[in-house]
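Remarks on the overall topology
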Amino acid sequence: KEQTHGETGSYKTTCCYCGVGCGIVVHKDRMGKVLVEGDKDHPVNKGMLCSKGMNLHYTVMNTSDRLLYPEMRYNKQMQRQRVTWDEALARTAAVFKTFINKYGPDSVAFYVSGQCLTEEYYVINKLIKGFIGSNNIDTNSRLCMSSAVAAYKMSLGEDSVPACYDDIEETDCIFVAGANPAWCHPILWRRVEAAKAANPNMKVIVSDPRVTQTCSMADVHLQLNPGTDIVLHHAIGRILIEQGDIDIKFIQQHTEGFEDYSHAVMQRSIAEAAQICGIEEYRIYEAAALIGNAKKFMTFWTMGLNQSAAGVNKNLSLINLHLITGTIGRPGCGPFSLTGQPNAMGGREVGGLANLLPAHRDLSNPVHREEVATFWNGKELSPRPGLTATEMFEALNDGKLKAIWIICTNPLISMPDVRMAEKGLKNAKFVVVQDISNRLETLPYADVVLPAAAWIEKEGTMTNAERRITWLQKVTDAPGEALPDAEIICRFAKHMGFNGFDYNSCEAIFKEHAALTAGTNIDINGVDYTLLHQRRSVQWPVNTSNNYNDTKRLFADHIFHTKSKRAKIHGVPDCNPSVQPTANHPLILTTGRIRDQWHTMSKTGKVNKLKQHIAASFLEIHPDDAAERGIADDDLVEITNTNGNVRVKAKISTQIKKGVVFLPMHWGKILNDDSNRANNLTFNLIDPISKQPDFKFSIVQVAKYKRP
Ligand code: SF4
């Protein structure tokens, strides 16, 4: 029976953590208590949940840390006071109008999140681009996915993941590059484990400077030096070409750029590549042989490639392996970037980034700008790309940006060179924080605080990593006066005097978004909540032309979305533009996730059970590097560089490469002590195309910490 919120019973929704997008059933009892279990009917997880998903109910049952009422202050010296929604939004609108009139529309910005629902992303994007007249909207997905987005567009002509999860059970070989899905995308990895158990001939290759849980299933682990991924991918490409393990017919008929690529990969011998990567030569041959012998080949990757100053080139060099072997657009094949956040894909569908427009339209294309402006019936769209994530905080620092509205993200833990971001917020003339938690590090800087509804307290849709759109049902009311994010933005738009935000339901927003996709490559025109409820989920494009059937795979016809209709093979340079180690800072720092925490712990940090796995931050360091510095296991160590320092306990491990150290990215301030915040040490260096930060390569020194 379909439930409406407020009733006891079972509700179907989707996990709000990673981009795997597992289906969840929320059971609600007469006391209003909720309990979650995996949805056995959901095609993604078939009833399974990982440790984070199965403990989700604890994050909503405990409301002691929730923001309950709007708050506001009139100047930076005041304490914020509780106010009504109208007072908070009227004042915010007045301040925004003042800045826009005095300094222009680019003086204000929205910094949002891959956790926002598609409808929320849609109205925020419409507001800033279509009515305020600026493209200053960016998202923490910039820190996560933007290199993959740029590479897909450059190679396939479209920001589109061509494969689907069902390909896991079909493939012969998976290459996991710079990712640890066993910890970060656990349910997807369980499907890989089950597929390998069912098919002993299936092979798994992993490239990672650390021996992670994912490596335990690898037939070949390439423990490469950080920053050498392109050299490795090129070496594999060279062997495939030299061994004749490429698909000449596919290359000739459906691609361009092979000659340049061939020239690029021949520049280094395999021996030289092996030496640069810090791996044995025969290992590269082994990996190439597994790929060359496979009829069906998939790649999975995440932050090890994306979070880099050469992130786009790393992505392109991996996608090239599919284009030269013709392993794309058919079952068991394809490049597959895994998303860290639950709705990074949905945010891109509505164009919720500084350089995008709805339905994957291009901001630089005047026809596309005109189409969107006409549809929205607001202002002419600005051709100027907006500020990206790190650029926003730099612009606050230099005074070009006056006001920032931060929604559902915690930049004072997650931004690179986080003290630069902190300086930006201190310098900002006006800061709005719209969130659920009263423990966020951004709150001391907020002039206006807007309490938002959390997961299961609102409805809407999300799109997971395989282009699957699912509807999230509202289960329970938000505490206090908290409101759904979309409603907050629509109320604000009315205070600004804008028409076009009078939606009578969340579904009305979704239908408008769907209509704007009509005729595009991601067409979902005609999809509504009724269809989503009946089908549980759909994979775009899904529309009248395919009788609303899911599109499991893209490019099955091998017609790509480039101008020439051919996929582009890019012979990219293999250099690493990161800041290189020095005598003072000889170690390479890489940061990442642990199994049971997510992002900046504003949700998972509330669940005691999730602290049982790893309770505190730590520095993983090789025994040789530790011995050189007189460091023993569990010693308190200080990690330093020109940006800042971090103090945590050492975990000596042979599972990390000598010369490399690892810090988890989750921890931040505890009682005003920010000494365990990994981003004190990361650099504000970005990929020139995707503008994604270089989180995976900073240089540091480590020493045993002597208490003063
Ligand atoms: Fe949630 Fe991801 Fe775990 Fe699935 S794998 S339950 S989506 S965190």
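How each quantity is defined
- Residues numbered from 1 in each chain as written.
- Predicted model: local features only at pLDDT ≥ 70, side-chain atom pairs only at ≥ 80, totals over all residues.
- Helix = DSSP H or I, 4+ residues; strand = E, 2+ residues; numbered from the N terminus.
- Rg over C-alpha atoms; globule rule 2.2 N^0.38 Å.
- Buried ≥ 20, exposed ≤ 12 C-beta atoms within 10 Å, placed from the backbone.
- Contact = placed C-beta atoms within 7 Å.
- UniProt positions renumbered as here; feature names shortened; annotations may be inferred.
- Near = placed C-beta within 6 Å.
- Nonpolar A, V, L, I, M, F, W, Y, C, P; charged D, E, K, R; others polar.
- Domains from an automatic or database assignment.
- Core = buried A, V, L, I, M, F, W, Y, C linked by C-beta atoms within 7 Å.
- Arc of directions from axis to C-beta.
- Pairing = 2+ DSSP bridges.
- Axes fitted to C-alpha atoms, helices over the stretch in contact; angles between N-to-C directions.
- Parallel < 35°, antiparallel > 145°, perpendicular 65-115°, else oblique.
- Left-handed = near helix turned anticlockwise from the far one by under 90°.

Here the focus is the overall build of the protein. Looking only at helices and strands, one finds 24 helices and 28 strands in the protein. The globule rule puts the C-alpha radius of gyration for 708 residues at 27 Å, and the 24 Å found for the protein is close to it. Taken along the three principal axes of its C-alpha coordinates, the protein extends 70 × 70 × 55 Å. The buried share among the 708 residues of the protein stands at 58%. In the protein, of all internal contacts separated by at least 6 residues, the share reaching a separation of at least 24 is 73%.

Per the UniProt annotation, the sites labelled "domain: 4Fe-4S Mo/W bis-MGD-type" (unreviewed entry) are residues 8-64. Here residues 8-64 runs as 18% helix and 30% strand, with 23 Å between its end C-alpha atoms.

Mapped onto the elements, M392 comes out in helix α17 (residues 389-397). Measuring from C-alpha to C-alpha, the distance between M392 and N136 comes to 8.2 Å, with 256 residues separating the pair along the chain. The contacts of M392, once residues within four sequence positions are left out, are A109, Y111, D138, L387, L401 and I404.

Below, the discussion takes up the site of the ligand. Residues in close proximity to the ligand total 14 residues, the closest being C15, C18, C22, C50 and G53. Within the shell around the ligand, the residues separate by chemical class into nine nonpolar, four polar and one charged. Each of domain 1 (9-61) and domain 3 (146-338) gives at least three residues to the shell around the ligand.

Attention now goes to the nonpolar core. In this structure, I236, I284, I291, M392 and I404 are the most contacted members of the largest nonpolar core, which totals 192 residues. When residues in this core are grouped by element, the largest group, eight residues, is from helix α4 (residues 118-132). Setting aside residues no more than four positions away along its own chain, I404 makes contact with A109, Y111, M392, L396, A428 and V431. One finds I588, I621, V637 and L681 within the second-largest nonpolar core, a separate group that totals 24 residues.

This part covers helix α10 (residues 258-265). Every α-helix winds through 3.6 residues per turn, so residues three or four apart in the chain are directed the same way. Along α10, the residues classified as buried are Y261, A264 and V265. Axial view of α10: buried residues confined to an arc of 90 degrees, hence all on one face. Opposite its buried face, α10 presents the exposed residues E259 and H263, each directed more than 90 degrees away. Residues of α10 that are buried sit in contact with α8 (229-242) and α14 (311-325).

Now for helix α19 (residues 418-427). Every buried residue of α19 is listed here: V418, A421, G424 and L425. Across the axial projection of α19, the buried residues extend over an arc of 110 degrees, all falling on one side. Residues of α19 that are buried in the fold lie against α17, α18 (411-414) and β17 (430-435).

Our focus in this paragraph is the domain arrangement of the protein. Looking at the protein, the domain boundaries give domain 1 (9-61), domain 2 (71-140 + 350-546), domain 3 (146-338) and domain 4 (587-704). Computed over C-alpha atoms only, the centres of domain 2 and domain 3 are separated by 35 Å. In this assembly, six residues from domain 2 lie in contact with six residues from domain 3. In terms of residue class, the side of domain 2 that touches domain 3 is built from one nonpolar, three polar and two charged.

Read from one edge to the other, the open sheet built from three strands follows the order β19-β20-β21, with strand pairing classed as antiparallel. With one partner strand each, in any of the chains shown, β19 (460-463) and β21 (537-539) form the two edges of the open sheet. Put simply, the sheet's adjacent strands are angled 25 degrees from each other on average, direction ignored. Direction of pairing for β19 relative to strand β20 (residues 468-472): antiparallel, over a ladder of four bridges. Within the sheet, the bridge partner assigned to M462 lies in β20 and is T470.

With that settled, consider the packing of α8 against α10. Two numbers describe how α8 lies on α10: the axes approach to 9 Å, and their chain directions differ by 110 degrees. Of the possible angle classes, the one that applies to α8 and α10 is roughly perpendicular. For α8 against α10, the interelement crossing comes out left-handed. Counting all contacts with α8, which are made through H234, G237, R238 and I241, the residues of α10 involved are S262, A264 and V265. Here the residues of the contact of α8 with α10 are counted per class, giving three nonpolar, three polar and one charged.

A few words on the pairing of strand β26 (residues 645-652). Every other side chain in a regular strand lies on the same face of the sheet, so the side chains alternate between the two faces. Bridging between strand β24 (residues 618-621) and β26 involves four bridges; their strand directions are parallel. Looking at β26, one finds that E620 is bridged to K651. As paired strands, strand β25 (residues 636-640) and β26 are joined by five bridges and run antiparallel to one another. Bridging across to β26, I639 finds its partner in V646. Connecting β25 to the antiparallel partner β26 that follows it, the hairpin turn spans four residues.

For N546, the position within the fold is in the loop between β21 and β22 (567-568). Between the C-alpha atom of N546 and that of P366, which follows or precedes it by 180 residues, the distance is 30 Å.

Looking now at the sheet that holds strand β2 (residues 23-28). Taken together, three strands build an open sheet; the order of strands is β1-β2-β3 and the sheet is antiparallel. The open sheet is flanked by β1 (9-14) and β3 (34-38), the only strands paired with a single partner. Adjacent strand axes in the sheet meet at a mean angle of 30 degrees when their direction is disregarded. For β2 and β3, the ladder comprises five bridges, and the chain directions are antiparallel. Paired with K28 across the two strands is V34, which belongs to β3.

The omega torsion of the bond from W540 to P541 falls at -5 degrees, within 30 degrees of zero and hence cis. Relative to the helices and strands, P541 resides in the loop between β21 and β22. One non-glycine residue with positive phi stands out, namely A359, at about 60 degrees. Mapped onto the elements, A359 comes out in the loop between β14 (356-357) and β15 (361-362).

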